[in-house]
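Listed below are the residues making up each chain.
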Amino acid sequence: MPKSLEFFKEGMKHFDEIGTFFETSKFVSKKVTSQISPEQKIIVELGAGNGNVTIEILKKMNYKQKLYSFEINKNFCKILREIKDARLKVINDSAYNFPKYVKNPDYVISILPIFDKTKDEKERFFEMVRKSLDENGKFFQFQYFPSAYPLVKEKFSDNELHFCFLNFPPGFLYGGIKCGL
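Source: prediction; values computed, not measured. (Residues numbered from 1 in each chain as written. Predicted model: local features only at pLDDT ≥ 70, side-chain atom pairs only at ≥ 80, totals over all residues. Heavy atoms only, no water.)

1. Quick look at the environment of Asp 85
Here is step 1: On the secondary structure map, Asp 85 appears in the loop between helix 5 (74-81) and strand 3 (88-91).
Here is step 2: Asp 85 sits in the partly exposed class, given a relative accessible area of 22%.
Here is step 3: The sequence separation of Asp 85 and Ile 55 amounts to 30 residues, and the corresponding C-alpha distance is 9.9 Å. (Helix = DSSP H or I, 4+ residues; strand = E, 2+ residues; numbered from the N terminus. Buried < 20%, exposed > 50% of the residue type's maximum accessible area, 1.4 Å probe, protein only.)

Shown next, in the form of structure tokens:
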């Protein structure tokens, strides 16, 4: 079965955890990975899905970097584990548990559906990410609505907000660099 059809099927069955029926576009994947650099030794991906962003991350990485991809959906984890790359570690657990596995990542990329979370839940999520990041770590979030962007502006410096119209449905990419709060 094609990956996009598998994604749609999983989205229909588990919309509450996936948050969409469509995989992330190549445009968004390239945009969210555009700031990966060799200095970033540890990269964390939250909500890896079926691996579209994962593959783009791996293309940008050198042999010394490590990618920890978190995905709660077992079928997606199975697909992710088919990517044979020693730099990739697939973790079948909630993205909210990533600090238990990874300390001080340099870059966190989240495609998690957080639009349906309360303001307190979003605030706790962004604070968890901020506290876990390395001193100069970067964070980016892709969402279909920019409603959480004000919280990101509170937690991270050098904020960016991009409208990604080359995705279905279109969405927003926002994030920044850890600031010393």
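Picking up after the structure, the text goes on.
2. Digging into the side chain of Ser 69
Here is step 1: Note on placement: Ser 69 falls in strand 2 (residues 66-70).
Here is step 2: Classification of Ser 69 by relative accessible area gives buried; the value is 0%.
Here is step 3: Those residues in contact with Ser 69, other than ones at most four positions away along the chain, are Glu 45, Ala 48, Thr 54, Leu 88, Lys 89, Val 90 and Ile 91. (Contact = heavy atoms within 4.5 Å.)

3. Observations regarding the nonpolar core
Here is step 1: Ranked by internal contacts, the top residues of the largest apolar core, which has 24 residues, are Leu 46, Phe 70, Phe 98, Phe 125, Phe 126, Val 129 and Phe 139.
Here is step 2: Among the secondary structure elements, those contributing two or more residues to this core are strand 1 (42-46), strand 2, helix 7 (119-132), helix 8 (149-155) and strand 7 (171-178).
Here is step 3: Considering every element that reaches this core, the biggest residue donor is helix 7, with four residues.
Here is step 4: Counting 22 residues, the second largest nonpolar core, distinct from the first, contains Leu 80, Tyr 107, Tyr 144 and Cys 164. (Core = buried A, V, L, I, M, F, W, Y, C linked by side-chain atoms within 4.5 Å.)

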